[in-house]
Structures are given as C-alpha cells and as structure tokens.
2 protein chains.
Amino acid sequence: MNLILVDPGELRPDGTVVFRGDRRCRHLNQVLGSRPGDTVRLGQVNGPLGTGRLLAISPEEAVLAATWQPDPPALPPVDLILALPRPIMLQRILAQAAAQGVGRIYLINANRVEKSFFQATLLREEAFVEHLRHGLEQAVDTRLPEVTVHPRFRPFVEDVLPGLTPVYAHLLLAHPGAAEWLPAAAPPPLSGRVLLALGPEGGWVDFEVDKFREQKLRPFSMGTRILRLETAVVALLAQLDLLRQWR
Amino acid sequence: MNLILVDPGELRPDGTVVFRGDRRCRHLNQVLGSRPGDTVRLGQVNGPLGTGRLLAISPEEAVLAATWQPDPPALPPVDLILALPRPIMLQRILAQAAAQGVGRIYLINANRVEKSFFQATLLREEAFVEHLRHGLEQAVDTRLPEVTVHPRFRPFVEDVLPGLTPVYAHLLLAHPGAAEWLPAAAPPPLSGRVLLALGPEGGWVDFEVDKFREQKLRPFSMGTRILRLETAVVALLAQLDLLRQWR
C-alpha cells in the first residue's frame, strides 16, 4: 500500500478523516508502525492525491489531518475490452490494470468464454472493486477504472460499441492471426485515447473478429508466443505506454 | 498446455516416447480427450519443437511417435537479474518470464531483499523448474531459462557480473529515480542481447546502483507509477520486445 485511499464521503468538514478498525487502520498500526505527527500519502477515489498527518492513533482508530493537491491525476488514456476470464485470473488482471492505469474496462462475452463466469460472486457483488483499489494503492493513483459487464456479445458490439468508438484515436484488436504488429497498427508517438480489445484463451472466433472490424477495430499480432490473458494485458498496456514515450 | 515437453532422455531409439501416469498422460486423457491417431505439439527441453502422433492411449499410459523440426527455437535475447522476491511471487514471475522468453535468470540478494527468501523450498529443491516448464508449455517454446541463485550481492556484482557483461549489447538497470526512459536507454530498433536488472520492492539502495553503474548498467525509469515486481518484469520484457519490432 503505497497510498491510502479515502472515499470523498469520508472527509469531515474540518479537513480530518478517520479510519476505524479497517484495513487502513491496521496498515498504519501494523505495517507502518505510525505515530502521531507522521505523514502518509492519501488519495481521494477519483479525486486528488494528498497527504495525511496523523493526529491520533490507536489499534482501533486513526485520525488524520488531510491536505490535497489542486488537481486529480490525469485519466489514463487506455480503455479495455476483455473477454471475461475466470474469476481468479480476473482479480489479478483488474489489480494489475488499475496499477498500470486504465480508464474503463468492458467485460464481455465471446464464443470461447465459459458462460458460468458471469455468475461469479466477484461480478455479482461488485467484489472486484476491492482489487481495483489494491492496484491504485500500489501505483499511487486515484482513478478507479469503471467496470461494466456485458453478458451478450452481439448487443455489446452492435449497440454499445458504436456509441463508444468516436472518442478514440486508436481502436485495436489483439488477435493472434493478424498480419500487422503493434507498432504498425498504432504508430509512435502515440497520442489520444486507445481502446484495446483482448480475446479469451483460444482467441476470438472469425465472426467476432469480423464484428470488431466492422466497428473499425484494427487487428494486430503480439508475435508467435501464446501468452495467458493476464500476461498479455500487462504486456500490451506496457507497450502502449512505451509507444507514447517515443519521441 | 499448448505444448507437451519431453526430456531428451525420454526419447526411445525407435522414435517413440511414452508418458506413464504423469501430468502429460492426464492432460492427454482428461483435457484433450485424445485418441489413437491424434497429433499433439511436442517440444524437447532445450531442443526442437515437433509433433507426436498417438499410437496408443489408456488412463495409465500414452505412446506417441515423435517427429522433430530440424532446429531448436532461437535463444531468447534477454537475460534477467532479479532481486529475489518472495516465493509465491517468484513462481509467477518465472512462469511468465519463461512464457515471454528469457535466456538466463540471476536471482540475487540486495539490501531490501528478505534474507529468509533464500531458504525457500522453491529454491533449495529447484522446485522452480516446474514453473519454468509451465511457461514454456504455455508459450510453445523449449528454451528452459537457466536460473542461478546468488545469496551475496557483492560477490555477484564484483566477481560474477564482470565476466557476464561483455556478451551484451545493452546493459539496463530499472531504477525509479533515473532520468532516462527506456527508449532513450535502449534506442530502437534494438538488436543484440540485453541484460536487464530489476530491484526489490522499495528499490535498489544507492550503493547497489553505484555498483551496477561501475559495471556499465544504464539506469532508466519506468515512469511515476509504482509497479509490483511481477508486473514490472512482464511490462519490461514486453517493452524490450516492442523495441526490437520497431523498424
């Protein structure tokens, strides 16, 4: 936890914030061994970064005086469409994607997605938010990715996707068979928002690739090695980041 | 398992190979539901890729006739120096690094490494080899990364490292405080072997950075986000791969 996240509703009118018997209170006590006068890094969910000076601390309660930077961190310039993976992999993907920085995540169905994954507790109870927060706490960011779940492929790609694509400068589809590599599909220096779609283990079926192509998503290949989805997500977010750094 | 690995010693003079009651036999029976006449992808550890045609299969035993490509896959062009992480993270890092392609991995000590990690069963009994093999089976490669363990920092950096560095075209040190970004430290199009060093959670201490600099490792920064080591390894291997693709 390189950052302690605070929900805006937790801020008190006098500028203090109180953690009572929760994970943050335990972190201050047990990991940091914090004492009154210490300062820690704070962040408001979807708001600014800041610092908290400890006014009082006990095993049950920590009281901090918070100060905030004027502006929140920039919105990460990438959004993801992911064919829904199994829950244990989804947890890790969400934490890592939040750490690397992602604006929105569309979890969608596809021919090779196991339908039962849509019934997972992780999705039904929005338990995934915890994993997104872990990613932000790791990376020192406050921009909580918005996650939506789309259990039917066609309504997503035919009805939802056309309304989304106009805001993106680059529409990309990771697809093992594709002829182009990423630097050709998204030439550096990259700028503007990117929408990146990644398929299930086993890949998209032809119908799905055709549907994405109709919406102007550009297929590209990651090479000959077959990577697990969680490795591929981290790898591609890192590569897009590099294409932006290029001058 | 996109590939079934075979040790060269398992090959019989008549060109067949037998899996008896092991993970591979179970995979053929339970995951693939293989029948006589089916073919599967094989790979010899550190040798060529090939295919195996099933001659006979039962729950206890599978007999395959193997044919092999003339040449083994190319040696991956990247080697890693990693400050030893905790065992559960090391497992995932090794599997992912093998999947992405790495030649050698030097697991070393550093000031911020927990010393007890060197006593882990994973290291003592070379149990890590299993995780490397999982990575190769995922990515369809046969080049098993060579892993060595170096429990003392100075003897590694002063005595071992100088003998290693001459073969590399690029010597890189991931270091949060560095002024340069990766595309400046390793300009595209990248060619030749790369040695990449990554530090522990909390980073290298100044003494360690100085020691690596003496050996001509070039520090670079990954940006302002703090990533876990397992995310950083995948991200950097992917970025180096992209720098090679760029023409």
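Data block above holds the structure.
Criteria and cut-off values
Residues numbered from 1 in each chain as written. Chains lettered and ligands numbered in written order. Predicted model: local features only at pLDDT ≥ 70, side-chain atom pairs only at ≥ 80, totals over all residues. Heavy atoms only, no water. Helix = DSSP H or I, 4+ residues; strand = E, 2+ residues; numbered from the N terminus. Contact = heavy atoms within 4.5 Å. Pairing = 2+ DSSP bridges. Axes fitted to C-alpha atoms, helices over the stretch in contact; angles between N-to-C directions. Buried < 20%, exposed > 50% of the residue type's maximum accessible area, 1.4 Å probe, protein only. Parallel < 35°, antiparallel > 145°, perpendicular 65-115°, else oblique. Nonpolar A, V, L, I, M, F, W, Y, C, P; charged D, E, K, R; others polar. Buried area = accessible area lost by both parts, 1.4 Å probe. Salt bridge = Lys/Arg side-chain N within 4 Å of Asp/Glu carboxyl O. Polar contact = N/O pair within 3.5 Å; in protein donor to acceptor, adjacent residues only side chain to side chain. Least-squares fit on C-alpha atoms with pLDDT ≥ 70 in both.

Enquirer: I keep staring at the overall build of chain A and nothing clicks. Help me out?
Expert: Of the regular secondary structure elements, chain A holds 8 helices and 11 strands. Considering only residue pairs separated by 6 or more positions, chain A has 74% of its internal contacts joining residues 24 or more positions apart.

Enquirer: What is the right way to read the sheet that holds strand E6 (residues 78–83) of chain A from this model?
Expert: By definition, the strands of a sheet pair up through backbone hydrogen bonds, in either a parallel or an antiparallel sense. All names here are of chain A. Taken together, 6 strands build an open sheet; the order of strands is E8-E7-E6-E10-E9-E11 and the sheet is parallel. Two strands in the sheet have a free side with no partner beyond their single neighbour: strand E8 (146–150) and strand E11 (218–220). Ignoring which end each strand starts from, the neighbouring axes of this sheet average 20° apart. Two strands pair when backbone bridges link them, and E6 and strand E10 (residues 194–198) are joined in this way by 5 bridges, in the parallel orientation. Note on E10: the bridge partner recorded for Leu82 is Leu198. Strands in contact with helix H5 (residues 153–164) are E6, strand E7 (104–108), E8 and E10; relative to E7, the strand with the most contacts, it is inclined by about 155°.

Enquirer: Explain unusual backbone geometry here, please?
Expert: Where the residue is not glycine, phi is negative for most of them; where a peptide bond is considered, it is trans in most cases. The omega torsion of the bond from Pro188 of chain A to Pro189 of chain A falls at -5°, within 30 degrees of zero and hence cis. Along the polypeptide, Pro189 of chain A turns up in the loop between helix H6 (182–185) and E10. The residue Val140 of chain B is not glycine, and still its phi comes out positive at about 65°. Among the secondary structure elements, Val140 of chain B is positioned in the loop between helix H4 (128–139) and strand E8 (146–150). Despite not being glycine, Lys216 of chain B shows a phi value in the positive range, around 75°. Relative to the assigned elements, Lys216 of chain B resides in the loop between helix H7 (206–214) and strand E11 (218–220). A relative accessible area of 65% means that Lys216 of chain B is categorised as exposed.

Enquirer: In this structure, what is going on with the packing of helix H2 (residues 87–100) of chain A against helix H8 (residues 229–245) of chain A? I would like to understand it.
Expert: Each pair of packed helices can be summarised by the angle the axes make with each other and by the distance between the axes. All names here are of chain A. The geometry of H2 relative to H8 is characterised by a closest axis approach of 9 Å and an angle of 10° between their N-to-C directions. In terms of orientation, H2 and H8 fall into the roughly parallel class. In contact with Met89, Arg92, Ile93, Gln96, Ala97 and Gln100 of H2, H8 contributes Leu229, Glu230, Val233, Val234, Leu237 and Ala238. Each residue belonging to the contact of H2 with H8 can be placed in one class, and the counts come to 8 nonpolar, 2 polar and 2 charged.

Enquirer: How should I be thinking about the interface of chain A and chain B in this particular structure?
Expert: Accessible area lost upon the coming together of the parts is a frequently used measure of interface size. Between chain A and chain B, the contact holds 33 residues from the first and 33 residues from the second. Of the roughly 2800 Å² buried where chain A meets chain B, counting both sides, 60% is carbon and sulfur surface. Counting the surface chain A buries against chain B, the share from its top three residues, Arg225, Ile226 and Trp246 of chain A, is 24%. Remark: the boundary between chain A and chain B carries 2 salt bridges. Linking Arg225 of chain A and Asp141 of chain B is a salt bridge whose minimum nitrogen-to-oxygen distance equals 2.8 Å. At the surface where chain A touches chain B, the tally comes to 14 residue pairs in polar contact (both at pLDDT 80 or more). The leading source of residues in the side of chain A that touches chain B is H8 of chain A, at 10 residues.

Enquirer: Where do I start with the relation of the copies chain A and chain B in this structure?
Expert: Turning one copy of the chain about an axis and sliding it along that axis gives the other copy, so a rotation and a shift relate them. The two copies are related by a screw operation: chain A maps onto chain B through 180° of rotation and 0.0 Å of translation along the axis, at an RMSD of 0.0 Å. Between the two chains, the operation in question is that of a two-fold axis. The share of interface residues of chain A whose copies in chain B are also at the interface is 100%, consistent with both copies meeting through the same surface.

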